[in-house]
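Listed below, chain by chain, are the residues.
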Amino acid sequence: MAKSPKLLQDKEIVVEFQDVSYGVGANNLLFDLNLTISKGEFLVLLGRSGSGKTTTLKLINHLVIPTAGKVIVHGRATEDWDPIQLRRSIGYVIQEIGLFPHFTVEENVGLVPSLEGWKPKTLKRRVYELLDLVGLEPGKFAPRYPHQLSGGQRQRVGVARALAIDPPILLMDEPFGGLDPITRWEIQQQLRHLQAQLGKTVIFVTHDIQEAFLLATKVSLISEGKLVLEGTPTQFKRSQHPEARRFMACCQISQ
Amino acid sequence: MNIVDLILSNLFSIPYGGEILLRTGEHLILVAIAMTIAISIGIPLGIVITRKPKLAKVVLGLANAIQTIPSLAIFGFLISVPFIGGIGKVPAIVALSLYALLPLIRNTYTGIINIDPTIREAGRGMGMTDTQLLFQVEIPLALGIIIAGIRIATVISVGIATIAAAIGGGGLGVFIFRGISTVNTQLILAGAIPSAFIALGADLFLGWLERYLTQPGQSKQKYFLLGVLAVLMTGLLLGIFGLQNPQTETITIGSKNFTEQVILGEILAQQIEAKTDLKVERQFNLGGTFICHEAVKVGQIDGYVEYTGTALTAILKQKPITDPKKVYRIVKQAYDEDFQLTVMNSLGFENTFAIVIRREDAQNLNIKTLSQAAQYTPQWRAGFGYEFLARKDGYPGLAKTYGLKFKNTPQQMDLGLMYKALAQKQVDLVAGNSTDGLIPVLKLVVLEDDKKYFPPYEAVPVFNQETLAKYREIEPALANLAGFITAEQMQQMNYEVDNQLRPVAEVVKEFFTKNPN
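A quick note: this is a predicted structure, and the numbers were derived from the prediction, not measured. (Residues numbered from 1 in each chain as written. Chains lettered and ligands numbered in written order. Predicted model: local features only at pLDDT ≥ 70, side-chain atom pairs only at ≥ 80, totals over all residues. Heavy atoms only, no water.)

Asker: Describe the overall build of chain A, and please don't skip the residues or the numbers.
Answerer: Along the backbone of chain A there are 12 helices and 10 strands. By the compact-globule yardstick of 18 Å for 255 residues, chain A fits well, its C-alpha radius of gyration being 18 Å. Principal-axis analysis of the C-alpha atoms gives chain A an extent of 50 × 50 × 45 Å. For chain A, buried positions account for 54% of its 255 residues. Sequence separation of at least 24 residues holds for 68% of the intrachain contacts in chain A that already meet a minimum separation of 6. Accessible surface computed for chain A: about 11900 Å², of which carbon and sulfur atoms make up 51%. Of the charged side chains in chain A, 30 are positive and 26 negative, and the gap between their average positions amounts to 4 Å. (Helix = DSSP H or I, 4+ residues; strand = E, 2+ residues; numbered from the N terminus. Rg over C-alpha atoms; globule rule 2.2 N^0.38 Å. Buried < 20%, exposed > 50% of the residue type's maximum accessible area, 1.4 Å probe, protein only. Contact = heavy atoms within 4.5 Å. Areas by Shrake-Rupley, 256 points an atom, 1.4 Å probe, with all protein chains shown as cover. Lys, Arg positive; Asp, Glu negative; His and termini not counted. Charge placed at Lys NZ, Arg CZ, Asp CG, Glu CD.)

Listed below in structure tokens is the structure:
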């Protein structure tokens, strides 16, 4: 009984885009997007700057509302969700991390649990557990303020904060953009293990193809607001789509 | 204890020490109450407009517009507004609150709008409600800028509060107005120095608060401090009700803001106190004819002394008439019919406009009359008060009658500063009042109005008829004052106050002792 639902869950669809378009005024940014993300999948949305990846991500937690079509999360269209409840069930890590500068690391990580009314003791235990999980020594880092951390440490805090109430879905918007290559590599490795270990569904935005290959179980290539390619990293490498070829070309140069 | 004693004894040994303490206290309370009101309106309003960008333009535009209105104009406007208007502390607080609004609204708005959008988005993305985002993120992050706004508003208020004295709001402005009208630098400093210290102190304290609250950590102590401040402010706000003057058996006598007016107000007050059982409250140094008139009309003050010529031209807007009896008749009738005000008999002297020059000039050039002076004026500079420049019966008519021309456009000057400017040769001719005590002292002379241009300005008590009907003893008590004061006596009393720096109450008491009625 314990095993059969798990098998089923492997194919359970967590997020689904149905003919989603989005635009501001007459200016369309996304066109007829169809996308399904299954439980436990690590989906990387790859594309150039301005291609519409971030918008796609924000459609999932209702920060952006589709002008046509539907985004379905856990079987319910985002418009039918209470946006607050929806967002609390989705972890969110953004480009500039967005740590609150007036909160300590402990308060930042514990924000969502405290909004959910957790007791201080449980909250503290959870925060320490999370800091451990992302490789920050709790006793040392919990009382610090964001400005007292290095870039990599801040990113780790950002990840810990997103995981605080154990949301099944994690949205990450170019979270490792500003890091040096070594720190970046370390933290990417860590994220990969973390995802495998916790079984989260991750939707990850990047324009870095190496990062995409390292992390993704599935890559979705977005170009000028359209989904042009979807597949495993291996399938991506073999693709003849011109935008995919361009990305591959960069990859070869840097290697 | 010892230190307090020491400070107190030193304070009382300097001139006006006791009154400085009183006025400083009044000043502080005015500013604190006004700031409390302004904060409780301005900050929420600033927050609301961050949510409604369209409203933001309107609100900020309006607050900006209020800021550009001259403060005396706001005070003047408020006199005829019911509940929040009139004279005294309440309208002063209303005006101060209005002025404090702009920096509060603008800083709150700017502080919140300028928060890094990624922080706001992170908060929203994690499922914070708008209220949670506001109180846990936006306000704490904007706090430094908001407190900077409070700081600016407070310092502005300390300055503007000095003008509150013009409508009987008390505070340190009382010294400043009295000092200006009596050309007494010491008095001006007695108001200006403490006011500067209050401004500096407020700035230092709020600067410290700003730094303390924006440093990280110690949230409990911060909330405690904010709590204590909030309780203090609320206490003050409740105190505002204590400021409303209880309407008991009290008569309020007003006066305009120059020495003779204050003396005349005191004469009315002492006469009523001596001849009746009524208590008299003094609301002297109100900012000009208009404010006194409005105040007596609505019963904010019960009476004051007006001049018939002023009433005819400035209040009734009629052309100047030279026959004193005719002027008195017209004014008495119009006041009775239009304003329900009783104009009593003349106190006996006239305070007409007087064109004044230095005695040495008069002697050197051998001139006694305005007609004689006209040939020299093209080389002279003139200084006139605002009223004289603006009034029909003032400068424009005078210039026409005598064909006066000046070297420059006549300079607009404060009444109190004019004589000093003349004596120090910054100007060569000023328009003063015939009863001014400074004229003989500063070695000045009055030029004769040989073409009888100036209308008569007899001093007459003006009273609210409701008050007279309610307290029937007032009218007979004041009847004794008809024809009681000569121009020389008035000049003498003005001199005693202006130049001997004697307290008004004492000078008036002496006058009554020498001239019993």
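Resuming the write-up.
Asker: Talk me through the confidence of the model for chain B; I want residue IDs and the actual numbers.
Answerer: Taken residue by residue, chain B gives an average pLDDT of 86. The fraction at 70 or more is 94%. For this predicted complex, the interface score ipTM comes out at 0.83, alongside a pTM of 0.72. (pLDDT = per-residue confidence, 0-100.)

Asker: Talk me through a nonpolar patch on the surface; I want residue IDs and the actual numbers.
Answerer: A cluster of nonpolar side chains, contributed by Leu189, Ile193, Phe197 and Leu200 of chain B, occupies part of the molecular surface with about 400 Å² of accessible area. As for its position among the elements, leucine 200 of chain B is in helix H9 (residues 185-214). (Patch = residues over 30% accessible without salt bridge, like charges linked within 9 Å, V, L, I, M, F, W, Y side chains within 5 Å. Salt bridge = Lys/Arg side-chain N within 4 Å of Asp/Glu carboxyl O.)

Asker: Mind laying out empty space enclosed by the protein, listing which residues take part and the relevant values?
Answerer: Residues and elements named next belong to chain A. Considering all chains together, one arrives at three cavities of 30 Å³ or more under this definition. Its boundaries defined by the atoms lining it, the second largest cavity holds a volume of some 60 Å³. Of all the secondary structure elements, the ones that give two or more residues to the lining of the second largest cavity are helix H3 (83-88), strand E6 (90-93) and helix H8 (151-162). Take the lining of the second largest cavity: its biggest share by element is three residues, from E6. Residue composition of the lining of the second largest cavity, by class: eight nonpolar, one polar and three charged. (1 Å grid on protein atoms, 1.4 Å probe; cavity = no way out; pocket = protein on both sides within 12 Å on 5 of 7 lines; lining within 4 Å. Points joined across faces, edges and corners; volume = space filled by probe spheres on them. Nonpolar A, V, L, I, M, F, W, Y, C, P; charged D, E, K, R; others polar.)

Asker: Residues and numbers for the pairing of strand E10 (residues 459-464) of chain B, please.
Answerer: All names here are of chain B. In terms of burial, E10 is a largely internal element, six of the six residues being buried. Burial of the side chains of E10 extends over both faces: Ala459, Pro461 and Phe463 are buried on one face and Val460, Val462 and Asn464 on the other. Relative to E10, strand E3 (residues 303-307) runs antiparallel, the two being bridged by five bridges. Bridge pairing links valine 305 to proline 461 in E10. For strand E4 (residues 341-343) and E10, the ladder comprises three bridges, and the chain directions are antiparallel. (Pairing = 2+ DSSP bridges.)

Asker: Residues and numbers for the interface of chain B and chain A, please.
Answerer: On the chain A side, the residues contacting the 18 residues of chain B number 22 residues. When chain B packs against chain A, the two sides together hide about 1800 Å² of surface, and 66% of this comes from carbon and sulfur. Applying the counting rule to chain B against chain A returns one salt bridge. Ionic pairing is found between lysine 58 of chain A and glutamate 121 of chain B, a salt bridge with its closest N-O pair at 3.0 Å. If you list the elements that add at least two residues to the side of chain B that touches chain A, you get helix H6 (117-125) and helix H7 (130-160) of chain B. The element that contributes the greatest number of residues to the side of chain B that touches chain A is H6 of chain B, accounting for seven residues. The class makeup of the residues in the side of chain B that touches chain A is eight nonpolar, eight polar and two charged. (Buried area = accessible area lost by both parts, 1.4 Å probe.)

Asker: Can you break down the side chain of glutamate 294 of chain B residue by residue, with the values?
Answerer: All names here are of chain B. Within the secondary structure layout, glutamate 294 lies in helix H12 (residues 289-297). On the accessibility criterion, glutamate 294 (11% relative accessible area) is buried. Apart from residues no more than four positions distant in its own chain, glutamate 294 is found in contact with Ile79 and Ser80.

Asker: Requested: an account of the environment of aspartate 361 of chain B, with residues and values cited.
Answerer: Residue and element names in this part refer to chain B. Along the chain, aspartate 361 turns up in helix H15 (residues 359-365). Looking at aspartate 361, the relative accessible area reads 14%, which means it is buried. In sequence terms aspartate 361 and aspartate 449 are 88 residues apart; their C-alpha atoms lie 17 Å from each other.

Asker: Requested: an account of the confidence of the model for chain A, with residues and values cited.
Answerer: Per-residue confidence for chain A averages 85 on the pLDDT scale, and 94% of its residues sit at or above 70. Here residues 1-9 of chain A is a poorly scored stretch, pLDDT under 50, and it has one contact once near neighbours within four places are set aside; other chains count.

Asker: Requested: an account of the environment of arginine 282 of chain B, with residues and values cited.
Answerer: All names here are of chain B. When you line up the elements, arginine 282 lands in strand E2 (residues 279-286). Put simply, arginine 282 and glycine 254 are 28 residues apart on the chain and 6.1 Å apart in space, counted from C-alpha to C-alpha. Those residues in contact with arginine 282 that sit more than four places away from it in its chain are Ile253, Glu266, Ala269, Gln270 and Glu273. Here the side chain of arginine 282 touches glutamate 273 through a polar contact of 3.0 Å, side chain to side chain. At 3.4 Å, the side chain of arginine 282 forms a polar contact with the backbone oxygen of valine 280. (Polar contact = N/O pair within 3.5 Å; in protein donor to acceptor, adjacent residues only side chain to side chain.)

Asker: Quick rundown of unusual backbone geometry? Include the residues and the values.
Answerer: All names here are of chain B. In this structure, lysine 317 is a non-glycine residue whose phi angle is positive, near 55 degrees. Residue placement: lysine 317 occurs in the loop between helix H13 (308-315) and helix H14 (324-339). Classification of lysine 317 by relative accessible area gives exposed; the value is 62%. Positive phi, normally seen in glycine, also occurs at asparagine 366, with a value near 55 degrees. Within the secondary structure, asparagine 366 sits in the loop between H15 and helix H16 (370-373). The class for asparagine 366 is exposed, based on a relative accessible area of 58%.

Asker: Please provide a residue-by-residue account of the packing of helix H2 (residues 17-51) of chain B against H9 of chain B, values included.
Answerer: Residues and elements named next belong to chain B. In contact at an axis separation of 10 Å, H2 and H9 are set at 45 degrees when each is read in the N-to-C sense. The orientation of H2 with respect to H9, classified from their angle, is oblique. As for how H2 packs across H9, the hand of that crossing is right-handed. For the pair formed by H2 and H9, the contact residues are Ile20, Thr24, His27 and Leu28 on the first element and Ala190, Pro194, Ser195 and Ile198 on the second. Taken together, the residues of the contact of H2 with H9 sort by class into five nonpolar, three polar and no charged. (Axes fitted to C-alpha atoms, helices over the stretch in contact; angles between N-to-C directions. Parallel < 35°, antiparallel > 145°, perpendicular 65-115°, else oblique. Left-handed = near helix turned anticlockwise from the far one by under 90°.)

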